[in-house]
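# An overview of the molecular structure
Residues per chain, in single letters:
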Amino acid sequence: KAVLDGADQPAFGTSRRQAGISGRGVHGVGVSDVARAVALIRRERLDLEVAGVGGITGAEDAERFFGAGACAALMGSAPMFDPALAARIKTANAAW
């Protein structure tokens with residue numbers, strides 16, 4: 001979908017009429033989708049695993065994905081702002 005400013009023009013310039021969201025904006029949906037996918041995989045007895053991604057800025061966010069059944073929690077943009085984030089999460093939760 002086109003992202004337009006108040007003047008109905010492309011908000012990010014004419015070369016980027018469309019944009020998406022990531023991070024905190026998709027966390028809740030990501031956790032919900034992981035839970036739904038894991039339920040389907042179990043119900044259908046499929047040999048698959050699901051990784052969760054989206055909006056992880058601390059251990060509690062990763063825990064939500066693991067609690068939903070994810071085998072891993074992936075981070076994209078948060079480590080660019082906090083390079084030691086993954087190490088701190090792993091240190092605090094060695095079982096992961």
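Cut-offs and rules
Residues numbered from 1 in each chain as written. Predicted model: local features only at pLDDT ≥ 70, side-chain atom pairs only at ≥ 80, totals over all residues. Heavy atoms only, no water. Core = buried A, V, L, I, M, F, W, Y, C linked by side-chain atoms within 4.5 Å. Buried < 20%, exposed > 50% of the residue type's maximum accessible area, 1.4 Å probe, protein only. Helix = DSSP H or I, 4+ residues; strand = E, 2+ residues; numbered from the N terminus. Contact = heavy atoms within 4.5 Å.

In this structure, Val34, Val50, Ile56, Phe65 and Ile89 are the most contacted members of the largest nonpolar core, which totals 13 residues. The dominant element in this core, judged by the number of residues it contributes, is helix α1 (residues 27–44), at 4 residues. Setting aside anything within four residues of it in sequence, one finds Phe65 in contact with His27, Gly30, Val31, Val34, Gly52, Val53, Gly54, Ile56 and Ala70.

This paragraph deals with the environment of Ala11. Note that Ala11 resides in the segment before α1. Taking relative accessible area as the criterion, Ala11 reaches 39% and is therefore assigned partly exposed. Residues contacting Ala11, with those up to four places away along its chain left out, are Val3, Leu4 and Asp5.

A few words on the side chain of His27. Locating His27 in the fold gives a position in helix α1. Looking at His27, the relative accessible area reads 5%, which means it is buried.

Quick look at the side chain of Asp61 now. Turning to its location among the elements, Asp61 is positioned in helix α2 (residues 59–67). With near-sequence residues (within four places) excluded, Asp61 lies in contact with Arg24, His27, Gly55 and Ile56.

On to unusual backbone geometry. The backbone of Asp8 shows a phi angle near 65 degrees, a positive value even though the residue is not glycine. Topologically, Asp8 is positioned in the segment before α1. Overall, Asp8 belongs to the exposed group, its relative accessible area being 52%.

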